[in-house]
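Inside the fold
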Amino acid sequence: MKQFTRAKSLSGEFIADLIERAHAFKKSKKYPNLSGKILGNVFFNPSLRTKLSFEAAMARSGGTALSLSSGSGTWAFESELGVRMDQDKPEHLKEAVRVMSRYVDALGVRSFASLGSVEEDAKEKVLSAFEEYATVPVVSLESAFEHPCQMLADMMTVQELVGVPRGKNFCLRWAPHIKALPLAVPHSALLAAAHLGMNITLAAPEGYDIDKGYENWVRSISHEKGATFTRITEPERLPEDTNIVYVKSWGAPSLYSTPARQQEELRKLSTWMVREQQLQRDSYLMHCLPVRRNVVVSDGALDHRNSKVIDQAENRLWAQLGVLDWIFSEE
Amino acid sequence: MKQFTRAKSLSGEFIADLIERAHAFKKSKKYPNLSGKILGNVFFNPSLRTKLSFEAAMARSGGTALSLSSGSGTWAFESELGVRMDQDKPEHLKEAVRVMSRYVDALGVRSFASLGSVEEDAKEKVLSAFEEYATVPVVSLESAFEHPCQMLADMMTVQELVGVPRGKNFCLRWAPHIKALPLAVPHSALLAAAHLGMNITLAAPEGYDIDKGYENWVRSISHEKGATFTRITEPERLPEDTNIVYVKSWGAPSLYSTPARQQEELRKLSTWMVREQQLQRDSYLMHCLPVRRNVVVSDGALDHRNSKVIDQAENRLWAQLGVLDWIFSEE
Amino acid sequence: MKQFTRAKSLSGEFIADLIERAHAFKKSKKYPNLSGKILGNVFFNPSLRTKLSFEAAMARSGGTALSLSSGSGTWAFESELGVRMDQDKPEHLKEAVRVMSRYVDALGVRSFASLGSVEEDAKEKVLSAFEEYATVPVVSLESAFEHPCQMLADMMTVQELVGVPRGKNFCLRWAPHIKALPLAVPHSALLAAAHLGMNITLAAPEGYDIDKGYENWVRSISHEKGATFTRITEPERLPEDTNIVYVKSWGAPSLYSTPARQQEELRKLSTWMVREQQLQRDSYLMHCLPVRRNVVVSDGALDHRNSKVIDQAENRLWAQLGVLDWIFSEE
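Cut-off values and rules
- Residues numbered from 1 in each chain as written.
- Chains lettered and ligands numbered in written order.
- Predicted model: local features only at pLDDT ≥ 70, side-chain atom pairs only at ≥ 80, totals over all residues.
- Heavy atoms only, no water.
- Pairing = 2+ DSSP bridges.
- Helix = DSSP H or I, 4+ residues; strand = E, 2+ residues; numbered from the N terminus.
- Axes fitted to C-alpha atoms, helices over the stretch in contact; angles between N-to-C directions.
- Contact = heavy atoms within 4.5 Å.
- Domains from an automatic or database assignment.
- Buried area = accessible area lost by both parts, 1.4 Å probe.
- Salt bridge = Lys/Arg side-chain N within 4 Å of Asp/Glu carboxyl O.
- Polar contact = N/O pair within 3.5 Å; in protein donor to acceptor, adjacent residues only side chain to side chain.
- Phe/Tyr/Trp six-rings, centres within 6.5 Å; stacked < 30°, edge-to-face > 60°.
- Buried < 20%, exposed > 50% of the residue type's maximum accessible area, 1.4 Å probe, protein only.
- Lys NZ or Arg CZ within 6 Å of the ring centre and 35° of its normal.
- Nonpolar A, V, L, I, M, F, W, Y, C, P; charged D, E, K, R; others polar.
- Least-squares fit on C-alpha atoms with pLDDT ≥ 70 in both.
- Parallel < 35°, antiparallel > 145°, perpendicular 65-115°, else oblique.
- Left-handed = near helix turned anticlockwise from the far one by under 90°.

Hydrogen bonds along the backbone pair up the strands of a sheet, which may run parallel or antiparallel. Residues and elements named next belong to chain B. One open sheet accounts for 5 strands, arranged 10-9-8-11-12; its pairing is parallel. For this open sheet the edge positions go to strand 10 (229-232) and strand 12 (284-286), each flanked by a neighbour on one side alone. For this sheet the average axis-to-axis angle between neighbouring strands, irrespective of direction, equals 20°. Against the sheet, helix 7 (residues 184-195) touches strand 8 (169-174), strand 9 (199-203) and strand 11 (244-248), its axis set at about 170° to strand 8.

Rendered as structure tokens:
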């Protein structure tokens, strides 16, 4: 059964094939023929881009996307095995996923990091339940640790902005926020840059590392491509000749268990907000959205002509059409 | 105007016709042509199978299902007549149902038992409002006392499992829960077994009877078919040679008005949880879902090869296609 | 880019054209061909008629309406410019509207009056954000001060009820409620009557005036058409020979800042509830719905044969088909 659920395990060739499909759809404004196909998307947290772009992608292709929100309209779903289900979750994913598989042709699932423990998040219990129990193809719409659809859209966007990415410079720039956010997008953005063969700078305060396993994986792909991986901790300015400034906030995993201290630390780091002055002439600003203006990025930077966040969001649609085309094809 | 709203009033012949349609759709994997048809479904409580299976059924048939949730996204609806509407329900079903009838080709409604008074629940005020005010066909998606779509799906499932159900043994087995649940599914499950001519055993603790009117109706159909109806109150084991063990929890109507005592009684009855040991070699386990694992049924029983809850849930789709085919046909 | 967002700025000719389309669709029961078109509707408050009629209109025309609720399922959206977004709204409309424009072919937006300050409401910040940032056509699904789709449906309904409206008598009759409601529908209803050349009576308690700018605009259109505009403050009976009694509640803008006093005043005015006795032989009752029975209008009046609220609600569908036909046509 086809699954598009784990960014880390995808080969560079496969990723390139999906992105080629995506560019072709965007260029021709033609859509795959998904007539009669139903995609069932289950959301464990709010969504704008993911929800609407998948619904639009299916509608434009002649199919249908049906969306469910765990705990709102439908039941809250349990993912732990072996528990006595006497709390607030009346249905187990072991039933729900198998049942939904009987009604639709593919399932999408958006789970979310608990931000309670990095070990727990790394287990990807919700996504794993879909992978294990589904009897139809599964697409991840973001999980605790990864956002593979965002990764594809980001790769498309970088290609559109810089032409041949190999050897160009990509900076993942940490930004402040009002609360700790998951690692999924930072992980996927770095994987995107690594697969594109870009020199990577990870600019984040001390303690705001990404998951070590992901960092090693990203470093190894970069190394294979002959690209560099640099870690800096200075907020003042971006590295010279940065082509892409990818801004994203995430929480410090070491502070997950002490949310009050996490908040306090975040407040101290508010100078990391990205401002217009930090955008160089040829640096393009990317962010996965939603973005809190004047907390994460200033109005001036977001409204700058080099801010490409809207084009980036549009590419979610095209990248996902590439995925859907693959998922529903006979190959 | 066609209405599929009351399980009790449906003739055996009509039920058989709908189920025949359902089996034919399932066998051929072909769908009725409902191109251009719109079904408007109104939910007064959460739903997974009902919502998704109707949306999928309409999409697969070329039509559209539009879903509304009373009180979430749309207004909370009043069903009492003659009241001064100065509380939390800004719209009366007298308007809402007539208005929705102007926009769609058929209406579905999922109401829910109040569990405050069995007399009140028996009045089926929400369902009755749809029956009275709708100017398009109405389908019940479960009401306080009945779940006719579930009944059809259950009949299909039993036929698939035991071949010719007449003379075989059906046990509706009460199970514990963390709170009182409605009588709709127990009522419909017993009606299903009675129409199939099965010998029925109702296994539930003393005091956990179903509605007397329904029981009499079920008994009279059973009698007509030459089948038996037995009431037992022992949890330890199932009757000999049970072919179908239909597990479901429901509240004791006599305790509706004293919820604290209801909870206390439920706690005492936790030994009624269905376990693997209670499944005999040829007993198939059915449950309408959602099911609380290790409260209602143990992991071992639910994961047993004789557990057919997923097939049963799938049949919701096919049974409802039978209903929709009838609703939208010119006959 | 086409926008159908401001009732006040629409010319009489344009309105007449849309209504002609709407009547033609209703008469022929044929729909425009919107195959492959996607309308994205964003709701900032609950909706029944607007949501369902647009979804049905798109489905019947071969297209798709996708609905999002700000703050439920999707993010809560900020509309203020220049703010530091460190509160409960994680996404700015400046991003959200531009992103949604990349996924769909037209956007609808339902905002709502804050009822905190009439000056603030007059700014229509949410609607303005859609007008400014959208790169696809925009339709207002009601805003703080106007409800142009309701206006069209109301004009159709009046035409159906009285034939040639010019010179006939229209009374906008204030009614009590449990809380202050926005001015959008009163404004649009009066504009409708003025465009139809009807003699207008505005019957509302002292202090319950509509916005002065709107009143002047309505008066000037009426004057141009040779019709009259009268303001009365007596609740007891309707003016002689009223053809249309349009009932609607709204709050006193001067009491927005003192909600407790607003409530107290509303209680004093409960005698304004419209009753059957107040309907003359040839007076038709209109109301945009939802309506609180026996608070705003009595059961007797709503259930009277001259109550046309359901027909009026149906016309939402047809009027919006006129708008959608225009929005998506190549003209």
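Okay, back to it.
It is worth spelling out the domain arrangement of chain A at this point. All names here are of chain A. As assigned here, chain A comprises domain 1 (3-146 + 315-328) and domain 2 (150-312). Using C-alpha coordinates to define each centre, domain 1 is positioned 24 Å away from domain 2. Buried surface at the junction of domain 1 and domain 2, summed over both partners, amounts to about 2400 Å²; 67% is from carbon and sulfur atoms. Across the contact surface, domain 1 and domain 2 share 1 salt bridge. In this structure, lysine 26 engages glutamate 160 in a salt bridge whose closest nitrogen and oxygen atoms are separated by 2.8 Å. Linking domain 1 with domain 2 are 10 residue pairs in polar contact (both at pLDDT 80 or more). Residue assignment for the side of domain 1 that touches domain 2 shows that the elements contributing at least two residues are helix 1 (12-28), helix 4 (118-123) and helix 11 (309-328).

A word on the pairing of strand 10 of chain B. The pairing of strand 9 of chain B with strand 10 of chain B spans 4 bridges and is parallel. Its bridge partner being in strand 10 of chain B, Leu202(B) is matched across the sheet by Arg231(B).

It is worth spelling out the packing of aromatic side chains at this point. Counted by the stated rule, this structure contains 21 aromatic pairs over all chains. Where Trp174(B) meets Trp272(B), the ring centres are 5.8 Å apart and the plane angle is 85°; that geometry is what we call edge-to-face. Of this pair, Trp174(B) sits in strand 8 while Trp272(B) sits in the loop between helix 9 (259-268) and strand 12, and the two are 98 residues apart along the sequence. According to the relative accessible area criterion, Trp174(B) is buried, its value standing at 0%. By relative accessible area, Trp272(B) is classed as buried at 3%. Put simply, the rings of Trp174(A), Tyr208(A) and Trp272(A) pair up and form one aromatic cluster. Against the face of Tyr214(A) rests Lys8(A), its NZ or CZ located 5.0 Å from the ring centre.

Right, let's talk about the interface of chain A and chain C for a bit. On the side of chain C, 30 residues touch chain A, which itself brings 29 residues to the contact. Summing both sides of the interface, chain A and chain C together bury roughly 2800 Å²; the carbon and sulfur share of this comes to 58%. Remark: the boundary between chain A and chain C carries 6 salt bridges. Between Glu95(C) and Arg293(A) there is a salt bridge, with the nearest N and O atoms lying 2.7 Å from each other. Summed over the shared surface of chain A and chain C, the number is 16 residue pairs in polar contact (both at pLDDT 80 or more). The set of elements that each furnish at least two residues to the side of chain A that touches chain C consists of helix 2 (49-60), helix 10 (299-302) and helix 11 of chain A. Looking at which element gives the most residues to the side of chain A that touches chain C, the answer is helix 2 of chain A, with 8 residues. Partitioned by chemical class, the residues of the side of chain A that touches chain C number 14 nonpolar, 3 polar and 12 charged.

On to the relation of the copies chain A and chain C. With an axial shift of 0.0 Å and an RMSD of 0.0 Å, the rotation relating chain A to chain C amounts to 120°. Accordingly, the operation relating the two chain copies is best matched by a three-fold axis. Residue Ser72(A), judged by its C-alpha, is the member of chain A lying nearest the rotation axis, at 5.0 Å.

Attention shifts here to unusual backbone geometry. With an omega dihedral of 0°, the bond running from Leu289(A) to Pro290(A) counts as a cis peptide bond. Relative to the elements of secondary structure, Pro290(A) occurs in the loop between strand 12 (284-286) and helix 10. Phi at Lys29(C) takes a positive value of approximately 50°, unusual for a residue other than glycine. Looking at the element boundaries, Lys29(C) is found in the loop between helix 1 (12-28) and strand 2 (38-43). With a phi close to 65°, Leu289(C) is a non-glycine residue in the positive phi region. Assessed through its relative accessible area of 6%, Leu289(C) is described here as buried.

Right, let's get into the environment of Gly71(C). All names here are of chain C. Among the secondary structure elements, glycine 71 is positioned in the loop between strand 3 (64-69) and strand 4 (77-78). On the basis of relative accessibility, which here comes to 52%, the residue glycine 71 falls in the exposed class. Sequence separation of glycine 71 and glutamate 276 is 205 residues, and the distance between their C-alpha atoms is 40 Å.

Contact residues are listed per partner, giving 29 residues for chain C and 30 residues for chain B. With both sides pooled, the region where chain C packs onto chain B buries about 2800 Å², and carbon together with sulfur makes up 58% of that total. At the boundary of chain C and chain B, one finds 6 salt bridges. Taking the shortest distance from any N to any O, the salt bridge between Arg49(C) and Glu91(B) comes out at 2.7 Å. Every element with two or more residues in the side of chain C that touches chain B is listed here: helix 2 (49-60), helix 10 (299-302) and helix 11 (309-328) of chain C. Looking at which element gives the most residues to the side of chain C that touches chain B, the answer is helix 2 of chain C, with 8 residues. Partitioned by chemical class, the residues of the side of chain C that touches chain B number 14 nonpolar, 3 polar and 12 charged.

Residues and elements named next belong to chain A. One open sheet holds the 5 strands; their spatial order is 1-7-6-2-3, and the pairing between them is parallel. The strands lining the two open edges of the sheet, one partner per strand, are strand 1 (3-4) and strand 3 (64-69). With 5 bridges joining them, strand 2 (residues 38-43) and strand 6 (residues 106-110) adopt parallel strand pairing. Pairing of valine 42 across the sheet is with valine 109, part of strand 6.

A few words now on the packing of helix 3 (residues 93-103) of chain B against helix 5 (residues 125-133) of chain B. All names here are of chain B. Helix 5 packs onto helix 3 with a crossing angle of 50° between their chain directions and a minimal axis gap of 9 Å. Viewed along their axes, helix 3 and helix 5 adopt a mutual orientation that is oblique. Relative to helix 5, the crossing made by helix 3 is right-handed. When helix 3 is examined against helix 5, the residues Leu93, Lys94, Val97, Arg98, Met100 and Ser101 are found in contact with a partner set consisting of Val126, Ala129, Phe130 and Tyr133. Of the residues that constitute the contact of helix 3 with helix 5, the class distribution is 7 nonpolar, 1 polar and 2 charged.

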